[in-house]
Amino acid sequence: EAGVVQSPRYKIIEKKQPVAFWCNPISGHNTLYWYRQNLGQGPELLIRYENEEAVDDSQLPKDRFSAERLKGVDSTLKIQPAELGDSAVYLCASSSGTSGTISYEQYFGPGTRLTVT
Amino acid sequence: AQSVTQLDSHVSVSEGTPVLLRCNYSSSYSPSLFWYVQHPNKGLQLLLKYTSAATLVKGINGFEAEFKKSETSFHLTKPSAHMSDAAEYFCVVSAAEDTGGFKTIFGAGTRLFVKA
């Protein structure tokens with residue numbers, strides 16, 4: 001079974017330029033997450049989708065970040081314009097969501113390492 | 001609201017000795033708890049999970065964790081460390097919120113060093 005696929009793996013851009021990251025979740029997973037992980041820190045949630053609906057985007061800097069999950073499968077995260085502080089690893093994860101009080105485990109992609117110069 | 005605290009940012013052990021990585025959590029509702037491992041320049045891999053079944057959970061590579069509700073802890077242990085265990089470990093809590101949704105919080109991580 002294929003895991004979570006992300007592309008590109010690495011991206012170097014100059015500040016003020018746009019950048020986009022793509023994620024293909026595990027087949028059948030209705031919940032998709034985007035995280036940002038700064039060096040030496042744990043991942044921080046940016047946005048969570050259930051199918052095509054963004055159910056938690058409270059931590060997404062909406063002035064420059066946007067995301068979409070058309071048809072409830074693949075997702076794209078965009079930054080425009082990028083700032084120096086956006087340099088980080090962007091992780092995509094997927095899961096079967098929740099059932100009652102239980103949260104199912106998340107499966108992570110390899111991440112995209114973004115460097116903004 | 002929930003939170004998670006990993007009590008040690010770094011832990012150093014000798015190969016063959018026990019490993020203990022500590023995690024405390026807080027949650028208004030019944031939590032699901034996870035431990036993930038991240039090797040350098042690699043993705044996050046699930047070690048084990050607690051989702052309201054047995055309180056002693058066994059995971060991959062000989063790791064296990066015990067859910068202690070009275071102590072709000074979910075410490076990760078392994079009887080004998082191996083050099084390949086050197087990595088960053090994250091404790092994760094996920095639980096319902098008053099708004100009706102779910103929230104997942106990662107701890108800051110514990111870096112495990114294993115000495116030969």
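Each chain has its residues counted from 1, running along the sequence as written. All chains are assigned letters beginning at A, and all ligands numbers beginning at 1, according to the order in which they are written. Given that this is a predicted model, residues contribute local features only at a pLDDT of at least 70 and side-chain atom pairs are listed and counted only at 80 or more, while totals for whole chains, interfaces and linings are drawn from all residues. The side-chain numbers reported here are obtained from all heavy atoms of the structure, hydrogens and water having been left aside.

1. Comments concerning the overall build of chain A
Looking only at helices and strands, chain A has 0 helices and 13 strands in total. Along the chain direction, N to C, the helices and strands of chain A fall in the order β-β-β-β-β-β-β-β-β-β-β-β-β. Only the C-alpha atoms count toward the radius of gyration. The rule for a globule is 2.2 Å times the residue count to the power 0.38. Compactness check: chain A gives a C-alpha radius of gyration of 14 Å against a globular reference of 13 Å for 117 residues, within 12% of the reference. For every residue, the accessible area obtained with a 1.4 Å probe (protein chains only) is divided by the maximum for its type, and the residue is called buried under 20%, exposed over 50%, and partly exposed between those limits. Within chain A, the proportion of its 117 residues that are buried is 45%. Counted over contacts in chain A with a minimum sequence separation of 6, partners at least 24 positions apart contribute 55%. Per-residue accessibility takes into account occlusion by the displayed protein chains alone, with areas from the Shrake-Rupley method and a 1.4 Å probe. Carbon and sulfur atoms provide 48% of the accessible area of chain A, an area that totals close to 5,900 Å². Elements are defined by DSSP. Helices are runs of H or I of four residues or more, strands are runs of E of two residues or more, and each kind is numbered from the N terminus. Throughout, a residue-residue contact means that at least one pair of heavy atoms, one from each residue, lies within 4.5 Å.

2. Side note on the state of the cysteines
All names here are of chain A. Only a pair of cysteine sulfur atoms within 2.5 Å qualifies as a disulfide here. Per the stated rule, a full pass over the model turns up 2 disulfides over all chains. One disulfide bridge connects Cys-23 with Cys-92, the sulfur atoms lying 1.9 Å from each other. Here Cys-23 and Cys-92 share a disulfide; its torsion about the S-S bond, -70 degrees, makes the bridge left-handed. On the criterion of sequence distance, the pair formed by Cys-23 in strand S3 (residues 19-24) and Cys-92 in strand S9 (residues 88-95) is long-range, its members being 69 residues apart. Comparing Cys-23 with Cys-92 shows no difference in burial state: the two are buried.

3. As for the sheet that holds strand S7 (residues 65-68) of chain A
Residues and elements named next belong to chain A. Here, strands pair whenever DSSP counts at least two bridges between them. Read across the sheet, 4 strands follow the order S1-S3-S8-S7 without closing on themselves; strand pairing throughout is antiparallel. In this open sheet, the two strands that pair with only one neighbour each are strand S1 (5-7) and S7. Mean inter-strand twist for the sheet, computed between neighbouring axes without regard to direction, equals 15 degrees. In this sheet, S3 lies alongside S1 in antiparallel orientation, the contact comprising 3 bridges. The residue bridging Ser-7 from the neighbouring strand is Trp-22, located in S3. Axis lines are fitted through C-alpha atoms, for helices just across the contact stretch, and the angle between N-to-C directions can take any value from 0 to 180 degrees.

4. A look at the packing of aromatic side chains
Only centres within 6.5 Å qualify two rings of Phe, Tyr or Trp (six-membered ring in Trp) as a pair; their planes then separate them into stacked at under 30 degrees, edge-to-face at over 60, and tilted for everything else. The final tally for this structure, using the stated rule, is 13 aromatic pairs over all chains. For the pair A:Tyr35 and B:Phe106, a centre-to-centre distance of 5.3 Å together with 75 degrees between the ring planes defines the contact as edge-to-face. Of this pair, A:Tyr35 sits in strand S4 (residues 31-37) while B:Phe106 sits in strand S11 (residues 102-106), on two different chains. Relative accessible area serves as the criterion here: at 0%, A:Tyr35 is assigned to the buried category. Residue B:Phe106 is classed as buried on the basis of its relative accessible area, which comes to 9%. Judged by centre distance (5.5 Å) and plane angle (85 degrees), the rings of A:Phe108 and B:Tyr36 are edge-to-face. Note that A:Phe108 is positioned in strand S12 (residues 107-108) and B:Tyr36 in strand S5 (residues 32-38), a pairing that runs across two chains. Through successive ring pairs, a cluster of aromatic residues spans A:Tyr33, A:Tyr35, A:Phe108, B:Phe34, B:Tyr36, B:Phe90 and B:Phe106.

5. Quick look at the pairing of strand S9 (residues 73-78) of chain B
All names here are of chain B. Both strand S3 (residues 19-21) and S9 contribute to a ladder of 3 bridges, which runs antiparallel. Bridged to Val-19 within S9 is Lys-78. In this sheet, S9 lies alongside strand S8 (residues 64-68) in antiparallel orientation, the contact comprising 5 bridges. By the bridge assignment for S9, Glu-66 is matched with His-75.

Note that all results are geometric; they support no functional claim without further evidence.
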